[in-house]
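Architecture at a glance
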Amino acid sequence: MAFFNRKKPELTDISQIELPAHIGIIMDGNGRWAKKRGLPRSAGHSAGAQTFRKIARYCSDIGIKHLTVYAFSTENWRRPEKEINALMKLFKEYLEEALRDFKDDSIVLKFIGDRTAFSPELLQLMEENEEESKDRDGMVLNIAMNYGGRAELVTAMQRIAADVKNDQLSADAITEQVISDYLYTSGQPDPDLIIRPSGEHRTSNFLLWQSAYSEYVIMDVLWPDFKEEHLNQALIEFANRNRRFGGV
Ligand code: IPE
Ligand code: IPE
Ligand code: MG
């Protein structure tokens, strides 16, 4: 009887549907993918990095304007040193590859999160990638590294307080828009759709402010197994949702 619950006709073909302007992806399930195969967790992260390359490219190809991927949270530092080192190595490889091979690309790369925690080498690669890609006209790819929604809000509040103190901003002028403008995602639309593979039903501190009205699609696939078809499936699910933003 699903028919009676839907305002819109069921849409099944992604060429017919209205695409979200901004997709967020919580790239989760690498560890479980490796465990299932008797491999170290780092092998899951390598496989997940390949999936990331493929899915970012696919989103750009189908015309998504903003993609934010959650690569490393402020809480992920709690993991064993060996695993963190493996992740840092993968970040470095990707950032070097992007600088070396993506010269004619249209993707604009941005990094969101507190980057001061990374090595000077990684920091420089992030800055070079942002500088190199900033004038391109394609999809904005935000890579969330050492990102936490709460930490982002703390940083924003510290900056707002400093600007109020210096008479750059008056307390009465602080609006929702002003707060959005102090976040890492300033100037970008809020995510319409957030996809969480691996079946977990939680935000894990991802885009807390920005996701107030995001549509969440939780999928049972582990991130290294995530294919273009899964993204299509999420897009179709999204297109069939009825977004009301508090209205009727
Ligand atoms: C996501 O996969 C990658 C990061 C958090 C860096 P996980 O490593 O969390 O994989 P699971 O959730 O343990 O399977
Ligand atoms: C969220 O996944 C962070 C990333 C995917 C980078 P986690 O695996 O860290 O989240 P929890 O611990 O299951 O909530
Ligand atoms: Mg996880």
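So, here is what we can say about the structure in this document. (Residues numbered from 1 in each chain as written. Chains lettered and ligands numbered in written order. Predicted model: local features only at pLDDT ≥ 70, side-chain atom pairs only at ≥ 80, totals over all residues. Heavy atoms only, no water.)

In terms of helices and strands, the chain carries eight helices and six strands. Tracing the chain from N to C terminus, the helices and strands come up as α-β-α-α-β-α-β-α-β-α-α-β-β-α. For the chain, the C-alpha radius of gyration of 19 Å lies close to 18 Å, the compact-globule estimate for 248 residues. Taken along the three principal axes of its C-alpha coordinates, the chain extends 60 × 50 × 35 Å. Of all 248 residues assigned to the chain, the portion counted as buried reaches 48%. If you take every contact in the chain between residues at least 6 apart in sequence, the share linking residues at least 24 apart comes to 77%. (Helix = DSSP H or I, 4+ residues; strand = E, 2+ residues; numbered from the N terminus. Rg over C-alpha atoms; globule rule 2.2 N^0.38 Å. Buried < 20%, exposed > 50% of the residue type's maximum accessible area, 1.4 Å probe, protein only. Contact = heavy atoms within 4.5 Å.)

Another aspect to go through is the site of ligand 2. Ligand 2 sits among I26, M27, D28, Y70, A71, F72, N76, R79, R196, R202 and S204. D28 places a side-chain nitrogen or oxygen 3.2 Å from an oxygen atom of ligand 2. One of the side-chain nitrogen or oxygen atoms of R79 is found 3.2 Å away from an oxygen atom of ligand 2. If ligand 2 stood free it would expose 390 Å²; the protein chains cover 78% of that surface. The greatest single-element share of the shell around ligand 2, amounting to three residues, is contributed by strand β2 (residues 66–73). (Near = heavy atom within 4 Å. Polar contact = N/O pair within 3.5 Å; in protein donor to acceptor, adjacent residues only side chain to side chain. Areas by Shrake-Rupley, 256 points an atom, 1.4 Å probe, with all protein chains shown as cover.)

The next subject is the sheet that holds strand β6 (residues 215–218). Overall, parallel pairing links the six strands, which are arranged β3-β4-β2-β1-β5-β6 in an open sheet. The open sheet has two free edges, formed respectively by β3 (108–112) and β6, since each of these has just one partner strand. Strand after strand, the sheet turns through a mean of 20° between neighbouring axes, direction not considered. As defined by bridge partners, β3 adjoins strand β4 (residues 140–147) across five bridges and the pair is classed as parallel. Looking at the pairing, K110 lines up with N142 of β4. Those strands touched by helix α5 (residues 120–133) are β3 and β4, and its axis lies near 145° from that of β3. (Pairing = 2+ DSSP bridges. Axes fitted to C-alpha atoms, helices over the stretch in contact; angles between N-to-C directions.)

What follows covers the nonpolar core. Counting residues in each nonpolar core, the largest one holds 47 residues, and the members touching the most others are I25, F52, L67, L141, I143, I195 and L231. It is helix α4 (residues 81–101) that provides the largest number of residues to this core, a total of eight residues. Leave out the neighbours within four places in its chain, and L141 touches F52, A56, L67, V69, Y94, I107, V108, L109 and K110. Grouped together as the second largest cluster of nonpolar side chains are eight residues, I26, I112, F206 and L207 included. (Core = buried A, V, L, I, M, F, W, Y, C linked by side-chain atoms within 4.5 Å.)

Let us now look at α5. End to end, α5 covers 20 Å across 14 residues, agreeing with the expected 20 Å (1.5 Å per residue, within 8%). L122, L125, M126, N129, E130 and S133 are the residues of α5 that are buried. All buried residues of α5 fall inside an arc of 130° around its axis, so they share one side. For α5, the exposed residues lying more than 90 degrees away from the buried face are P120 and E131. As for α5, its buried residues are in contact with α4, β3 and β4. (Expected span 1.5 Å × (residues − 1). Arc of directions from axis to C-beta.)

Quick look at the pattern of salt bridges now. It is possible for side chains bearing opposite charge to pair when their charged atoms get close. Using the criterion set out here, one finds 21 salt bridges in the structure. One salt bridge in this structure joins E200 and R32, with 3.0 Å as the shortest N-O distance. Taken as a pair, E200 in the loop between β5 (193–196) and β6 and R32 in helix α2 (residues 30–36) lie far apart in primary sequence, 168 residues in all. When its relative accessible area of 34% is taken as the criterion, R32 is described as partly exposed. Several salt bridges converge on common partners, so that one network encompasses D28, R32, R196, E200 and R202. (Salt bridge = Lys/Arg side-chain N within 4 Å of Asp/Glu carboxyl O.)

To continue, consider the site of ligand 1. Not every one of the 13 residues close to ligand 1 is listed here, only the nearest: D28, G31, R32, R41 and R79. Within the backbone of G29, an N or O atom sits 3.3 Å from an oxygen atom of ligand 1. At a separation of 2.7 Å, an oxygen atom of ligand 1 approaches a polar side-chain atom of R32. Going through the elements one at a time, α2, α3 (41–62) and α4 are the ones with two or more residues in the shell around ligand 1.

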